[in-house]
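If you want the building blocks of each chain, they are given just below.
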Amino acid sequence: MTLKKLDLIAACDLNRGIGNKNGLPWYLPSDLKFFNSKSSTRSSEDAPDNIVIVGRKTWESFKPKQRPLPRRRNIVITRQEISEPDDHSFKDSDSKNKAVFVHTLQDAVDLAFAQDDRSHCFVIGGAVIYEQALRHPAFDLLYLTEIEGKFECDVFFPPFENICSLISQSEVHVENGISYRFNTYQKKR
Ligand SMILES: NC(=O)c1ccc[n+]([C@@H]2O[C@H](COP(=O)([O-])OP(=O)(O)OC[C@H]3O[C@@H](n4cnc5c(N)ncnc54)[C@H](OP(=O)(O)O)[C@@H]3O)[C@@H](O)[C@H]2O)c1
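Calculation notes
- Residues numbered from 1 in each chain as written.
- Predicted model: local features only at pLDDT ≥ 70, side-chain atom pairs only at ≥ 80, totals over all residues.
- Helix = DSSP H or I, 4+ residues; strand = E, 2+ residues; numbered from the N terminus.
- Rg over C-alpha atoms; globule rule 2.2 N^0.38 Å.
- Contact = placed C-beta atoms within 7 Å.
- Near = placed C-beta within 6 Å.
- Nonpolar A, V, L, I, M, F, W, Y, C, P; charged D, E, K, R; others polar.
- Core = buried A, V, L, I, M, F, W, Y, C linked by C-beta atoms within 7 Å.
- Buried ≥ 20, exposed ≤ 12 C-beta atoms within 10 Å, placed from the backbone.
- Pairing = 2+ DSSP bridges.
- Arc of directions from axis to C-beta.

J.: Whenever I open this one, the overall build of the protein confuses me. Can you help?
T.: Secondary structure summary: the protein contains 5 helices and 11 strands in total. Taking 189 residues into account, the globule formula puts the C-alpha radius of gyration at 16 Å, and the protein, at 16 Å, falls close to it. Principal axes of the C-alpha set define a box for the protein whose edges measure 45 × 35 × 30 Å. Nonlocal contacts in the protein, meaning residues at least 24 apart in sequence, comprise 74% of its contacts between residues at least 6 apart.

J.: Would you take a moment to explain the site of the ligand for this structure?
T.: In the vicinity of the ligand, 25 residues are found, and the nearest of them are Gly19, Gly55, Thr58, Gly125 and Gly126. Taken together, the elements giving at least two residues each to the shell around the ligand come down to β1 (6–12), β2 (17–19), α2 (56–61) and α5 (127–134). The element contributing the most residues to the shell around the ligand is α2, with 4 residues. Considered class by class, the residues forming the shell around the ligand number 10 nonpolar, 12 polar and 3 charged.

J.: Hey, could you run me through the nonpolar core in this one?
T.: A general feature of soluble globular proteins is that nonpolar side chains tend to end up buried together. Counting 41 residues, the largest nonpolar core has Ala10, Ile53 and Val123 as its most contacted members. With residues up to four places along the chain from it excluded, the contact list for Ile53 reads Ile75, Ile77, Ala108, Ala112, Cys121, Val123, Ile124 and Ile129.

J.: Help me understand the pairing of strand β11 (residues 178–187) in this model?
T.: A regular strand carries its side chains on alternate faces of the sheet. Bridge analysis of strand β7 (residues 139–147) against β11 gives 7 bridges, and the strand direction is antiparallel. Bridge pairing in β11 places Tyr143 opposite Thr184. Bridging between strand β9 (residues 164–169) and β11 involves 5 bridges; their strand directions are antiparallel. Bridged to Ser165 within β11 is Gln186. As judged from the 3 bridges shared by strand β10 (residues 173–175) and β11, these two strands associate in the antiparallel manner. For Glu175, the partnering residue across the bridge sits in β11 and is Ile178. Where β10 hands over to β11, the hairpin turn is made up of 2 residues, of which Asn176 adopts a positive phi near 50 degrees.

J.: Mind showing me how you'd approach α5 here?
T.: Because each turn of an α-helix spans 3.6 residues, side chains separated by three or four positions in sequence point in the same direction. Within α5, burial applies to Ala127, Ile129, Tyr130 and Ala133. Angularly, the buried residues of α5 cover 160 degrees about the axis, an arc narrow enough to put them on a single face.

J.: Even after reading the chapter, I still don't get the environment of Thr58, so can you show me in this structure?
T.: Along the chain, Thr58 turns up in helix α2. The buried category is assigned to Thr58, around which 24 C-beta atoms lie within 10 Å. Sequence-wise, Thr58 and Ser165 are 107 residues apart; in three dimensions their C-alpha atoms are separated by 27 Å. Apart from residues no more than four positions distant in its own chain, Thr58 is found in contact with Ile124, Gly125 and Gly126.

J.: Would you mind going over unusual backbone geometry with me for this structure?
T.: For residues besides glycine, phi is generally negative; the peptide bonds are generally trans as well. That bond from Arg67 to Pro68 is cis: its omega, -5 degrees, falls within 30 degrees of zero. With respect to the helices and strands, Pro68 occurs in the loop between α2 and β4 (72–77). Going from Gly125 to Gly126, the amide bond is cis rather than trans, its omega being 0 degrees. Mapped onto the secondary structure, Gly126 falls in the loop between β6 (121–123) and α5. Here Asn22, not a glycine, exhibits a phi torsion of approximately 50 degrees, which is positive. Of note, Asn22 is situated in the loop between β2 and α1 (29–40). Backbone geometry places Arg71, a non-glycine residue, at a positive phi of 60 degrees. As for its placement among the helices and strands, Arg71 is situated in the loop between α2 and β4.

Pasting the structure below:
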């Protein structure tokens, strides 16, 4: 079995807003639980940790104690100078203690796909990285939590309706007075 594909996970409001002031505009613990479960659940018990690809701003939006995201190998994309440019491999200790920094989405994908075939690879934002990932040939599934409300946002998920089809839709959940659904889209072939 090979899992050499890119899946995206995001949550957006009715305007496709995803963030504000480099943070999330809402507090939805169930969605965070879904995100953590989906991105860290391995394809089998003996499979290595999954891989998450994240833009530098989203990375910095995580509290220092929360990063790297546990039980996942973290790859961060930045144009800034990388202090250890040769260190582009996941050693066992690295995957637990620090992220690997790369300069492009393609570098991140190359590194991810060079790992064990059983690892899932998830793009987890932000907007700039989603935009690039949606156009990547390996893009397959978009797990999108769609929030039925409008929030103050300064970053937005890119238009995706023309390139994806809805393949599953959850019932409406309500938390903190916010209604939302867990939906899955797949790239049109
Ligand atoms: N609702 C959700 O599901 C969700 C998910 C994730 C994030 N967010 C929100 O999204 C916001 C952050 O998103 P964002 O779009 O502002 O930033 P981002 O995508 O997280 O990060 C952008 C940064 O990534 C690096 N980058 C982007 N494209 C690159 C390229 N082609 N080559 C090299 N480096 C590249 C650059 O880093 P350097 O500046 O270091 O060069 C750039 O400044 C936050 O509010 C966050 O909370 C929401």
